[in-house]
Amino acid sequence: MNPSIKKTVYAVFDIGKTNKKLILFDEDQQIINEELHVCTDVLDDDGFVCDHLPRLTEWVLDHWKQLRQHPHYTVKGVNFTAYGASWVHLGADGQPMLPLYNYLKPMPADIEAKFYAELGQSPEEFAADTCSPRLGLLNSGLQLYWLKYAKPEKFAQIHTSLHLPNYLSYLISGEKFSDFTSIGCHTALWDYKRGDYHEWVYREGIDEKLAPLTRDSIASVVDGIMVGVGLHDSTSAVMPYLAEHDEPFVLVSTGTWSVTINPFNSNSLTPELLRRDCLSFMTPRGEATRAARVFLGREHDYQVERIAAHFHVKPDFYRSIVLARPYDEASAGFRPACMAGTGPFPDQPAEEWDLSGFRTASDAYQHLMHGLINILLESIHLVWQGEKTIFVDGGFARNPLFMQTLSWNFPKAEIRTLEVPQATALGALVHLEQGEALKKTQPLFTDEDDMPLAAVRNDVAPVSK
């Protein structure tokens, strides 16, 4: 290739709870480069651990600047995908003014009681209307309610609250948008029956803090570069499969949370399904999709640490185990420690799994995997409708014991791993390429060191008040 000819690339910032990645694709959607960043946690203003927002912001902007100045690449588009239930709160100056609060932070009981007492309907009815199991601050709308009553002076100074994917887009485009995939993900904000924000959002003035909703995937075009609005990672992960496969399927997207998504199941949720951690996601166009979640990755990592400490082995001991053992009744003795109140068995209390009966770390890990799969199977069956294909992506897709054990439990279905790496990032690229925004030709940056200037809003979805 002539060194003077730059290669056209797309960039995706894929921001997970643990790993933050910048992935470059060529015009054939093939990965050509990956940059990984592990962001150190910090403490918020209440002393609870959270992501380091200033460092994350700096990393994104630094890499964006390097990419635009790269001697061998011409960037055609950029999009963003990130974990949900996390807000960035901007002041009047457009800068973040509060920490990136952790969705695992406990919600004060008095404020939660006040919220539900003033709803005018039962918690079960509210959960059904919003497709949001009662999850405390993991219902991200309640984070805004909590701020209003726990930190009223700070709340009053918030000009705009953006979900994390939309904040990343704002860093590059200067545009403030909300996207349906973030708003519709167990936030307790959206009334699925009405197709609008729930009444409490307007009553509390929360809507005044929210950016306009858009169905378009493009926030702006900056110097000829399409800048995506961003989307929630679980929805992003399913998009490559929808683009490539016509037959119905289920996707098990694994990570800290393992989320089973059935894009072909739009049935309404019952209070019992909601209690068992089913929810509805929304597509970028605002359509419902049923899903079920379980805290599988967190439980796995916690128990692996316990096994390693108990048997005095390295924490990565399990990576050398490649053949699963058949199920035995001892696996039924597994007791999760991190899932209380969540998943398909919300009433099961947190317990300490007894490791004393195992001879080796490998033996304990085999039983752990069966125990985890037993829980996951219950979650999958809450959304599965007999689909013949089950895709698995994320960390567990690279775990041979997980894949073997899962396959044994679906003998009539085909269990498939990623057809292409980095499905979540690829989904963000697929989403970007579906954009309807008009291409803008005039430069929107006066200088690459300047903050981005505002661009024109595109295809903003009307939301009645």
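None of these values were measured; they are calculated from a predicted model. (Residues numbered from 1 in each chain as written. Predicted model: local features only at pLDDT ≥ 70, side-chain atom pairs only at ≥ 80, totals over all residues. Heavy atoms only, no water.)

1. Some words on the overall build of the protein chain
Right, so step 1: What the protein chain contains, in helices and strands, is 14 helices and 21 strands.
Right, so step 2: Relative to the globule expectation of 23 Å for 465 residues, the C-alpha radius of gyration of the protein chain, 22 Å, shows essentially globular dimensions.
Right, so step 3: Taken along its principal axes, the extent of the C-alpha atoms in the protein chain is 65 × 65 × 45 Å.
Right, so step 4: With 465 residues in all, the protein chain has 58% of them scored as buried. (Helix = DSSP H or I, 4+ residues; strand = E, 2+ residues; numbered from the N terminus. Rg over C-alpha atoms; globule rule 2.2 N^0.38 Å. Buried < 20%, exposed > 50% of the residue type's maximum accessible area, 1.4 Å probe, protein only.)

2. Side note on the UniProt feature "domain: Carbohydrate kinase FGGY N-terminal" (unreviewed entry) in the protein chain
Right, so step 1: Within this structure's numbering, the places UniProt gives as "domain: Carbohydrate kinase FGGY N-terminal" (unreviewed entry) are residues 10-201.
Right, so step 2: Here residues 10-201 is 35% helix and 26% strand, with 37 Å between the C-alpha atoms at its ends. (UniProt positions renumbered as here; feature names shortened; annotations may be inferred.)

3. Quick look at the pairing of strand β3 (residues 31-38)
Right, so step 1: Summarising the sheet, strand β2 (residues 19-25) and β3 pair through seven bridges and their orientation is antiparallel. Following the sheet pairing, Leu24 is matched in β3 by Asn33.
Right, so step 2: In this antiparallel pair of consecutive strands, β2 and β3, the connection spans five residues, and Gln29 shows a positive phi of 65°. (Pairing = 2+ DSSP bridges.)

4. Thoughts on the nonpolar core
Soluble globular proteins tend to pack their nonpolar side chains together in the buried interior.
Right, so step 1: Ranked by size, the top nonpolar core spans 83 residues in total, and within it Leu164, Tyr167, Phe402 and Leu406 carry the most contacts.
Right, so step 2: If you tally residues by element for this core, the top one is helix α12 (residues 361-381), at eleven residues.
Right, so step 3: Beyond its immediate stretch of four places on either side in the chain, Tyr167 contacts Leu53, Thr57, Val88, Leu90, Pro96 and Leu162.
Right, so step 4: Core analysis: the next-biggest nonpolar cluster, separate from the first, contains 40 residues, Cys131, Leu142, Ile206 and Cys278 among them. (Core = buried A, V, L, I, M, F, W, Y, C linked by side-chain atoms within 4.5 Å. Contact = heavy atoms within 4.5 Å.)

5. Details of the layout of surface pockets
Right, so step 1: Computed from the structure, the second largest pocket encloses a volume of approximately 380 Å³.
Right, so step 2: Lining of the second largest pocket is provided by 23 residues; of these, Met239, Thr283, Pro284, Arg285 and Gln434 occupy positions nearest its centre.
Right, so step 3: Counting only elements with at least two residues in the lining of the second largest pocket, the list comes to α9 (233-244), β18 (278-282), β19 (288-294) and α14 (423-433).
Right, so step 4: Take the lining of the second largest pocket: its biggest share by element is six residues, from α9. (1 Å grid on protein atoms, 1.4 Å probe; cavity = no way out; pocket = protein on both sides within 12 Å on 5 of 7 lines; lining within 4 Å. Points joined across faces, edges and corners; volume = space filled by probe spheres on them.)

6. Remarks on the pattern of salt bridges
Right, so step 1: All told, the structure shown has 23 salt bridges when counted by the stated rule.
Right, so step 2: Its salt-bridge partner being Arg68, residue Asp223 comes within 2.7 Å of it at the nearest N-O pair. Of this pair, Asp223 sits in the loop between β13 (218-222) and β14 (225-228) while Arg68 is found in helix α1 (residues 53-68), placing the two residues 155 residues apart along the sequence.
Right, so step 3: You can call Asp223 partly exposed: its relative accessible area is 32%. (Salt bridge = Lys/Arg side-chain N within 4 Å of Asp/Glu carboxyl O.)

7. Some words on the sheet that holds strand β21 (residues 414-416)
Right, so step 1: Ordered by their spatial adjacency, six strands build an open sheet running β18-β19-β17-β16-β20-β21, and the pairing between neighbours is mixed. Both outer strands of the open sheet, β18 and β21, are each paired with one neighbouring strand and no more. Ignoring strand direction, the axes of neighbouring strands in this sheet form an average angle of 25°.
Right, so step 2: Bridge count between strand β16 (residues 250-254) and strand β17 (residues 258-262): three bridges; the pairing is antiparallel. Paired with Leu251 across the strands is Ile261, a residue of β17. (Axes fitted to C-alpha atoms, helices over the stretch in contact; angles between N-to-C directions.)

8. A short note on the packing of α1 against helix α6 (residues 164-173)
Right, so step 1: Remark: α1 packs on α6, axes separated minimally by 10 Å, with the N-to-C direction vectors making an angle of 45°. Judged by the angle between their axes, α1 and α6 are oblique. Between α1 and α6 lies a crossing of right-handed hand. Facing Leu53, Leu56, Thr57, Val60, Leu61 and Trp64 of α1, the residues of α6 in contact are Leu164, Tyr167, Leu168, Leu171 and Ile172.
Right, so step 2: Its residues assigned to classes, the contact of α1 with α6 shows ten nonpolar, one polar and no charged. (Parallel < 35°, antiparallel > 145°, perpendicular 65-115°, else oblique. Left-handed = near helix turned anticlockwise from the far one by under 90°. Nonpolar A, V, L, I, M, F, W, Y, C, P; charged D, E, K, R; others polar.)

9. Observations concerning the packing of aromatic side chains
Right, so step 1: Scanning all chains against the criterion turns up 27 aromatic pairs.
Right, so step 2: Each ring, one from Phe115 and one from Trp200, has its centre 4.9 Å from the other, and the planes form 90°; the classification is edge-to-face. On the criterion of sequence distance, the pair formed by Phe115 in helix α2 (residues 109-117) and Trp200 in helix α8 (residues 199-203) is long-range, its members being 85 residues apart. The burial state of Phe115 is the same as that of Trp200; both residues are buried.
Right, so step 3: Measuring from centroid to centroid gives 4.5 Å for Tyr241 and Phe391, while their planes differ by 40°, and the two rings are tilted. Taken together, the positions of Tyr241 in helix α9 and Phe391 in strand β20 (residues 389-394) put the pair 150 residues apart, joining distant regions of the chain.
Right, so step 4: A residue is classified by how much of its surface remains accessible, and Phe391, at 1% relative accessible area, is buried.
Right, so step 5: The side chain of Lys17 reaches across the aromatic face of Tyr103, ending 4.6 Å from its centre.
Right, so step 6: Over the aromatic face of Phe155 sits the side chain of Lys209, whose NZ or CZ is 4.7 Å from the ring centroid. (Phe/Tyr/Trp six-rings, centres within 6.5 Å; stacked < 30°, edge-to-face > 60°. Lys NZ or Arg CZ within 6 Å of the ring centre and 35° of its normal.)

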